[in-house]
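Remarks on the overall topology
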Amino acid sequence: MEAKLFPGDDWTRVDPREAGMDPAGLARADAWIEEVIGDRPYRLVVARGGAIVHERYRGIAPDERLAIASAAKSLFSSMLGIAIAEGRIPSADAPVVDYFPEMMDVPEGRGPKAGRYAYPKDRAITFRQLISNTSGYMKPGEEPGTVFNYQTYGMNVLCHAIARAYGCYDIANPVARPGFGELVQEKIGAPIGARLGNAYTNFKLHPEARLEVFGYYAGIQVSGPDMARLGWLWCNRGRWGDVQVVPEAWMVEAVGVNPDVRAHCHEDLWRYGYGFWTNQEGMLFDGWGIIPREAFAALGAGGHAVIVVPPEELVIALAPGPYQIAGRATPELVRLVLRAITES
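What this report covers is the structure whose coordinates are included nearby. (Residues numbered from 1 in each chain as written. Predicted model: local features only at pLDDT ≥ 70, side-chain atom pairs only at ≥ 80, totals over all residues. Heavy atoms only, no water.)

Our next topic: the overall build of the protein. Check the secondary structure of the protein and you find ten helices and eleven strands. Principal-axis analysis of the C-alpha atoms places the extent of the protein at approximately 60 × 40 × 40 Å. Between the averaged position of the 34 positive side-chain charges in the protein and that of its 41 negative side-chain charges there is a distance of 3 Å. (Helix = DSSP H or I, 4+ residues; strand = E, 2+ residues; numbered from the N terminus. Lys, Arg positive; Asp, Glu negative; His and termini not counted. Charge placed at Lys NZ, Arg CZ, Asp CG, Glu CD.)

Along strand E9 (residues 296–300), five of the five residues are buried, which leaves the element largely enclosed by surrounding structure. Here E9 shows no split at all, with Phe296, Ala298 and Gly300 on one side and Ala297 and Leu299 on the other all buried. Two elements, strand E8 (residues 277–278) and E9, share two bridges in a ladder whose sense is antiparallel. In the sheet register, Trp277 faces E9, and the bridge partner there is Ala297. Pairing between E9 and strand E10 (residues 304–309): five bridges, direction antiparallel. (Buried < 20%, exposed > 50% of the residue type's maximum accessible area, 1.4 Å probe, protein only. Pairing = 2+ DSSP bridges.)

Within this structure, the stated rule accounts for zero disulfides. No disulfide involves Cys159; its nearest neighbouring cysteine sulfur is the one of Cys168, lying 11 Å away. (Disulfide = S-S within 2.5 Å.)

The next point concerns helix H2 (residues 73–85). With 13 residues, H2 ought to run about 18 Å at 1.5 Å a step, and its terminal C-alpha atoms sit 19 Å apart, in line with that. Of all 13 residues in H2, eleven are buried, a share of seventy percent or more. Along H2, the residues classified as buried are Lys73, Ser74, Leu75, Phe76, Ser77, Ser78, Met79, Leu80, Gly81, Ile82 and Ala83. (Expected span 1.5 Å × (residues − 1).)

Further remarks concern the nonpolar core. With 121 residues, the main nonpolar core has Phe76, Ile162, Phe180 and Trp234 as its most contacted residues. Here this core takes nine residues from helix H4 (residues 152–165), the largest share from any one element. With residues near it in sequence (within four places) discarded, Phe180 still touches Phe76, Met79, Cys159, Ile162, Ala163, Cys168, Tyr200 and Ala218. (Core = buried A, V, L, I, M, F, W, Y, C linked by side-chain atoms within 4.5 Å. Contact = heavy atoms within 4.5 Å.)

Attention now goes to the sheet that holds strand E3 (residues 66–67). Across a sheet, paired strands are connected by hydrogen bonds in the backbone, their directions being either parallel or antiparallel. In space, the three strands of this open sheet follow the order E3-E5-E4, with antiparallel pairing throughout. A strand with exactly one partner marks an edge of an open sheet, and here the two such strands are E3 and strand E4 (197–201). Pairing analysis gives two bridges linking E3 to strand E5 (residues 217–222), with the strands arranged antiparallel. Each residue of the ladder has a partner; that of Leu66, found in E5, is Val222.

Another aspect to go through is the environment of Arg58. As for its position among the elements, Arg58 is in strand E2 (residues 51–58). For the pair formed by Arg58 and Arg43, sequence separation is 15 residues and the distance between their alpha carbons is 6.3 Å. Once you skip the residues sitting within four places of it in the chain, Arg58 turns out to touch Glu34, Ile37, Gly38, Asp39, Arg40, Pro41 and Tyr42. There is a polar contact of 2.5 Å between the side chain of Arg58 and the backbone oxygen of Arg40. (Polar contact = N/O pair within 3.5 Å; in protein donor to acceptor, adjacent residues only side chain to side chain.)

The next thing to look at is the packing of aromatic side chains. According to the stated counting rule, one finds 18 aromatic pairs in the structure shown. Between Phe6 and Trp232, the aromatic rings sit 6.0 Å apart at their centres with planes inclined by 45°, giving tilted as the arrangement. With a gap of 226 residues between them, Phe6 in the segment before helix H1 (23–37) and Trp232 in helix H7 (residues 224–235) connect regions that are remote in the sequence. A ring pair is formed by Tyr200 and Tyr216, whose centres lie 6.0 Å apart and whose planes are at 85°; its orientation type is edge-to-face. Separated by 16 residues along the polypeptide, Tyr200 in strand E4 and Tyr216 in the loop between helix H6 (211–214) and E5 bring together distant segments of the chain. (Phe/Tyr/Trp six-rings, centres within 6.5 Å; stacked < 30°, edge-to-face > 60°.)

Take a look at the structure:
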């Protein structure tokens, strides 16, 4: 395989054989997708060594940017690592309330539903707990750091707190620009040549819900090739060429099993880090031995997935896809693509 590349304005595209991959094997991956996805639109981009070796688009233009659902949480993680490195937040263990005190101003009856509001225990929540979905925010009986509970509201609070640290979130005008999405574009998208869009979204809740506190999910919108750019950035531990975009130490920690998950949860849940799903313990892909333990993924509902396999310098971007279950990352697709690698 040729030396590692980093895309400029556009990707280098090479014949799969030049990247040590079998076109017939990739065709089998295509056939599998066609069989399971039916007549729905999808996009698939496979990159290896910094070049695109295979891509397919049905009903979606290559440059069309779509919201990637919870796969954006991996970008939230990357942004947290940057904020810490830039001194906007002192550490991942800093209390979030120091940066976004409004998170506690959600009394009973103003939360998302009955029994869900800010409890005194929530004052202790840290940035690390929010990004690892172990915060227990507005969850009765869930002490911070003790329970893994996949939660959008906690991630919203995380994003608002980071944005506040940069002076770009106004609770009186949550949709004011610039906001968190523009921050992600400035700090991550621009350095790697990606064009990341964004649009706030909310669940439909009762009229008294304090959405300006725990709502306004920063829905990041990405094209297929730019999803692969993000995967290639993460594959290289946050480095893009000569620039360390995301701190390397943060990336290494983020794609391993979160210590609180390991300490307090059943081993079946040992597949989540800091905004990334991880195969460190072989749990992400149903224990299939063909998929390296170093693999990790950004995943979102609707089958949005950026799957990264660092030992093979491989990125697979699929969105939308055939699976709805977060954490499984279309293992059959990963298996088929890996089997297309012809190098020993």
